[in-house]
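Observations on the three-dimensional arrangement
Spelled out, the chains give:
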Amino acid sequence: MIRAVESEQHASAPVLAAYSYCEAVTGQQARNFAYGIRLLPTPKRRAMSALYAFSRRVDDIGDGALDDEVKVARLQETRALLGRIRDGVVEDDDTDPVAVALAHAARTFPIPLGGLDELIDGVLMDVRGETYETWDDLKVYCRCVAGAIGRLSLGVFGTEPGARGAERASEYADTLGLALQLTNILRDIREDALGGRTYLPADDLAKFGCSAGFHGPRPPEGSDFAGLVHFEVRRARALFAEGYQLLPMLDRRSGACVAAMAGIYRRLLDRIAREPEAVLRGRVSLPGREKAYVAVRGLSGLDTRHVTRQAVRRRA
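An account of the accompanying structure is given in this report.

1. As for the overall build of the chain
When helices and strands are counted, the chain shows 14 helices and zero strands. Ordered by position from N to C terminus, the α and β elements of the chain give α-α-α-α-α-α-α-α-α-α-α-α-α-α. In terms of overall size, the chain behaves like a compact globule, its C-alpha atoms giving a radius of gyration of 20 Å where 316 residues would be expected to give roughly 20 Å. Along the three orthogonal principal directions, the C-alpha set of the chain runs to about 60 × 55 × 35 Å. The 316 residues of the chain split such that 53% are buried. The long-range share in the chain, meaning contacts at least 24 apart out of those at least 6 apart in sequence, stands at 74%. Accessible area for the chain stands at about 14,400 Å²; split by element, carbon and sulfur atoms hold 50% of it. The positive charge centre, built from 44 side chains, and the negative charge centre, built from 43, are 9 Å apart in the chain.

2. Notes on the packing of helix α3 (residues 42-63) against helix α7 (residues 135-157)
Running from amino to carboxyl end, α3 crosses α7 at an angle of 155 degrees, the nearest separation of the two axes being 9 Å. Regarding the angle of α3 to α7, the classification is roughly antiparallel. In the crossing of α3 with α7, the sense of the turn from one axis to the other is right-handed. Of the residues in α7, those in contact with K44, A47, M48, L51 and S55 of α3 are I149, L152, S153, V156 and F157. Across the contact of α3 with α7, the residue classes tally to seven nonpolar, two polar and one charged.

3. Some remarks on the pattern of salt bridges
Per the counting criterion, the structure on display carries 26 salt bridges. Among the ionic pairs, D96 bridges to R57, the shortest N-O distance being 2.7 Å. Here the residue D96 occupies a position in the loop between α4 (68-86) and α5 (97-108), and R57 occupies one in helix α3, the gap between them amounting to 39 residues. Among the ionic pairs, E275 bridges to R281, the shortest N-O distance being 2.4 Å.

4. Considering the packing of α7 against helix α8 (residues 169-187)
Their axes nearest at 7 Å, the elements α7 and α8 cross at an angle of 120 degrees. Between α7 and α8, the crossing angle belongs to the class labelled oblique. The crossing of α7 and α8 is right-handed. The residue makeup of the contact of α7 with α8, split by class, is 13 nonpolar, five polar and four charged.

The rules behind the values
Residues numbered from 1 in each chain as written. Predicted model: local features only at pLDDT ≥ 70, side-chain atom pairs only at ≥ 80, totals over all residues. Heavy atoms only, no water. Helix = DSSP H or I, 4+ residues; strand = E, 2+ residues; numbered from the N terminus. Rg over C-alpha atoms; globule rule 2.2 N^0.38 Å. Buried < 20%, exposed > 50% of the residue type's maximum accessible area, 1.4 Å probe, protein only. Contact = heavy atoms within 4.5 Å. Areas by Shrake-Rupley, 256 points an atom, 1.4 Å probe, with all protein chains shown as cover. Lys, Arg positive; Asp, Glu negative; His and termini not counted. Charge placed at Lys NZ, Arg CZ, Asp CG, Glu CD. Axes fitted to C-alpha atoms, helices over the stretch in contact; angles between N-to-C directions. Parallel < 35°, antiparallel > 145°, perpendicular 65-115°, else oblique. Left-handed = near helix turned anticlockwise from the far one by under 90°. Nonpolar A, V, L, I, M, F, W, Y, C, P; charged D, E, K, R; others polar. Salt bridge = Lys/Arg side-chain N within 4 Å of Asp/Glu carboxyl O.

And the structure:
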């Protein structure tokens with residue numbers, strides 16, 4: 001069982017300022033994520049914003065315009081900073097607000113900081129320009145850049161005392177991260193192609209005649225692009241279905257947060273499935289009112305009750 005610390009450690013003025021900085025970064029750069037964590041109590045919301053701000057720093061290094069050698073050096077520096085946080089030597093008056101906030105969060109909650117090492121490993125895969133032959137290959141990358149975030153988040157959420165199957169909570173959190181990342185990959189096909197990146201497995205691209213890549217607003221000539229998208233959508237839906245088994249293991253507000261974030265991406269996946277070629281014309285997104293509905297649904301516990309009923313039927 002994973003238990004979150006019940007009460008937040010005393011936060012000094014510099015720590016509160018550091019958290020405010022991280023929350024501002026989260027609100028400006030991660031609207032879907034920010035939509036979910038606003039449902040959390042303050043200590044957990046702050047800790048999640050610190051995790052996001054550090055993760056965003058790592059992602060920005062990988063996505064930036066620096067030479068690859070400089071990116072590798074910056075990522076090594078960031079890993080060294082993570083080591084300082086892990087060793088507990090970052091003081092409240094440190095000049096890096098993200099480090100201050102994350103250090104406090106790690107003292108307050110049992111966050112498995114090694115997940116951030118995995119994130120750095122995943123971004124290094126991007127810097128090296130790795131491609132993926134099979135889904136098993138791509139899963140390694142997805143576990144680094146998204147599954148690890150699920151496991152880190154679980155360190156903040158904790159599981160409820162006596163929750164059935166809680167020993168598998170980390171596995172479900174990891175799987176839900178994979179579902180979100182595969183949805184991201186589908187949404188960003190065109191954007192990634194313009195940046196010279198291909199994430200979908202080469203085996204899948206070849207199966208549907210899409211090995212030429214995606215460099216314009218229309219699919220490759222003679223390809224079954226819709227077939228490819230629907231194939232990956234089915235894979236993502238299966239991952240969502242497995243990962244949602246985490247929900248009944250969480251307290252109400254943590255479950256609402258996860259249901260909101262996952263629900264937004266699940267609806268985004270449905271939108272992509274309805275109009276596959278839309279991802280080649282621009283970024284597919286949800287309107288604010290639909291995100292608000294997903295958040296309300298999460299708070300109501302509808303998704304958690306649905307998962308619980310399914311589990312009961314499977315055991316019957």
